[in-house]
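Topology and contacts: notes
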Amino acid sequence: MDKIAVLIPCFNEEKTIKKVINDFQNVLPSAVIYVYDNNSTDETTKIAKEAGAVVRHEYMQGKGNVVRRMFREIDALCYILVDGDDTYPAEYAADMVEKVFDHNADMVVGDRLSSTYFSVNKRPFHNFGNSIVKWSINRLFKNNIKDIMTGYRAFSYEFVKTFPVVSKGFEIETEMSIHAVDKNLQVENEIIDYRDRPEGSESKLNTVSDGFKVIKTIIKLFRIYKPLAFFSIIAFLLLFFAVVLFIPVFREYLLTGIVPRFPTLIVCGFMTLASLQTLSCGLVLNNMVLKNRQDFEYRLQTVSINKKRLLETMQNNEKK
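Here the structure is a predicted model, which means the values were calculated and not measured. (Residues numbered from 1 in each chain as written. Predicted model: local features only at pLDDT ≥ 70, side-chain atom pairs only at ≥ 80, totals over all residues. Heavy atoms only, no water.)

Section: the packing of aromatic side chains
Per the counting criterion, the structure on display carries 14 aromatic pairs. The interplanar angle of 75 degrees and the centroid separation of 5.6 Å between the aromatic rings of Phe71 and Phe155 together place this pair among those described as edge-to-face. Placement of Phe71 in helix H3 (residues 63-73) and of Phe155 in strand S6 (residues 153-156) is noted, with a sequence separation of 84 residues between them. Ring geometry for Phe71 and Phe163: centres 6.4 Å apart, planes at 65 degrees, overall edge-to-face. Of this pair, Phe71 sits in helix H3 while Phe163 sits in the loop between helix H7 (157-162) and helix H8 (172-182); the two residues are 92 residues apart in sequence, bridging distant segments of the chain. (Phe/Tyr/Trp six-rings, centres within 6.5 Å; stacked < 30°, edge-to-face > 60°. Helix = DSSP H or I, 4+ residues; strand = E, 2+ residues; numbered from the N terminus.)

Some remarks on unusual backbone geometry
Positioned with a positive phi, Asn39 is a non-glycine residue whose angle comes to about 70 degrees. Looking at where Asn39 falls in the secondary structure, it is placed in the loop between strand S2 (32-37) and helix H2 (44-50). You can call Asn39 partly exposed: its relative accessible area is 28%. Even without glycine at this site, Asn104 takes up a positive phi of about 60 degrees. For Asn104, the position within the fold is in the loop between helix H4 (93-102) and strand S5 (107-111). You can call Asn104 exposed: its relative accessible area is 56%. (Buried < 20%, exposed > 50% of the residue type's maximum accessible area, 1.4 Å probe, protein only.)

A look at the sheet that holds S5
Here seven strands make up an open sheet; going across it, the order is S3-S2-S1-S4-S6-S5-S7 and the pairing mixed. Either end of the sheet is taken by a strand with one partner, and the two such strands are strand S3 (54-57) and strand S7 (187-191). Ignoring strand direction, the axes of neighbouring strands in this sheet form an average angle of 20 degrees. Packing of H8 onto the sheet brings it into contact with strand S4 (76-81), S5, S6 and S7, and relative to S6 it is tilted by some 45 degrees. (Pairing = 2+ DSSP bridges. Axes fitted to C-alpha atoms, helices over the stretch in contact; angles between N-to-C directions. Contact = heavy atoms within 4.5 Å.)

Concerning the packing of helix H10 (residues 227-256) against helix H11 (residues 262-319)
At a minimum axis separation of 8 Å, H10 and H11 run at an interaxial angle of 165 degrees. The angle between H10 and H11 falls in the class roughly antiparallel. Crossing of H10 over H11 shows left-handed handedness. (Parallel < 35°, antiparallel > 145°, perpendicular 65-115°, else oblique. Left-handed = near helix turned anticlockwise from the far one by under 90°.)

Some thoughts on the pattern of salt bridges
Per the stated rule, a full pass over the model turns up 15 salt bridges. With a closest N to O distance of 2.6 Å, Arg69 and Glu58 form a salt bridge. With Arg69 in helix H3 and Glu58 in the loop between S3 and H3, the pair connects residues that are eleven residues apart, well separated along the chain. What makes Arg69 partly exposed here is its relative accessible area of 24%. Salt-bridge contacts for Lys291 lead to Asp295; the nearest nitrogen and oxygen are separated by 2.9 Å. Of this pair, Lys291 and Asp295 both sit in helix H11, four residues apart, roughly one helical turn. On the basis of relative accessible area, Lys291 is assigned to the partly exposed category, the value being 43%. Classification of Asp295 by relative accessible area gives partly exposed; the value is 29%. In the salt-bridge network here, residues are joined through shared partners; they are Arg56, Glu58, Arg69 and Glu73. (Salt bridge = Lys/Arg side-chain N within 4 Å of Asp/Glu carboxyl O.)

Notes on the state of the cysteines
A covalent bond bridging the sulfur atoms of two cysteines is what the word disulfide describes. Within the structure shown, the criterion is met by zero disulfides. With no disulfide of its own, Cys10 has Cys78 as its nearest cysteine by sulfur position, at a separation of 19 Å. For Cys10, a relative accessible area of 2% corresponds to the buried category. (Disulfide = S-S within 2.5 Å.)

Some thoughts on H8
Summarising burial for H8: ten of the eleven residues are buried, a large majority. Taken as a whole, H8 has its buried residues at Ile172, Glu173, Thr174, Glu175, Met176, Ser177, Ile178, His179, Ala180 and Asp182. Backbone geometry just downstream of H8 places Asn184 in the positive-phi region, at approximately 60 degrees.

Printed below as a string of structure tokens:
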């Protein structure tokens, strides 16, 4: 079991990976640095090995798949997750580690948006997208995470071993943030400087397609984690349109005593029934979510016990 593990998912980062590894070696000399290559076609793996990193591979394409592999294979008391593009300065890693060890933080978020991100990043749609995602998640899930989509984070052992990775691509950051908020895990923000990619290094993030994936992920996770709120909105809309259609039919009945538009009345009835059924689904799913949270607390205790055992084994090996 490592004390600190630096996790670097990589896809064609030969221009920057050596500097990233060297920077983290200087800031965290006791950390083990893992580079997980995701089907690179350049010299990323060769350069990473020469720089002293432990190089492993994930052959299923996508950052989410890489994170799943890393979290599954590596045991550490503290994890640092950072991109291999040299946009996140290593000098903040020590403070992030300290918050995990001394403040018992489960996730420390490297907050770019409160410092230099908007002035350095030259892609306006990325800036707009980050602001929209931050606003929507903070409103929907009632939290105060300053940077939802940052690729620079620190995690506790408990977070890593209880986080069910579902996303396959760049929407993994959104999933991490929502999971931490929903499970009432301790989240802290660390304001960091952000620097744009150096010349010759290209971003793998597609503004439009990956942006839609993130929005889709937010809606999906809102439905999963907040089913009562999600289905209540649908139920209200169904009931609202049923009432709007019913009012003129009812007014005409009061004036004439007859109902000439029976199809409209029937539609109103079915929409009202659908509204009630939708609300019922939300109530049932909400009870299931509450049960899942109870089960999660039990799993969290189990993981904590396992962590203590691994730590005792590590200490005994050091004594020998």
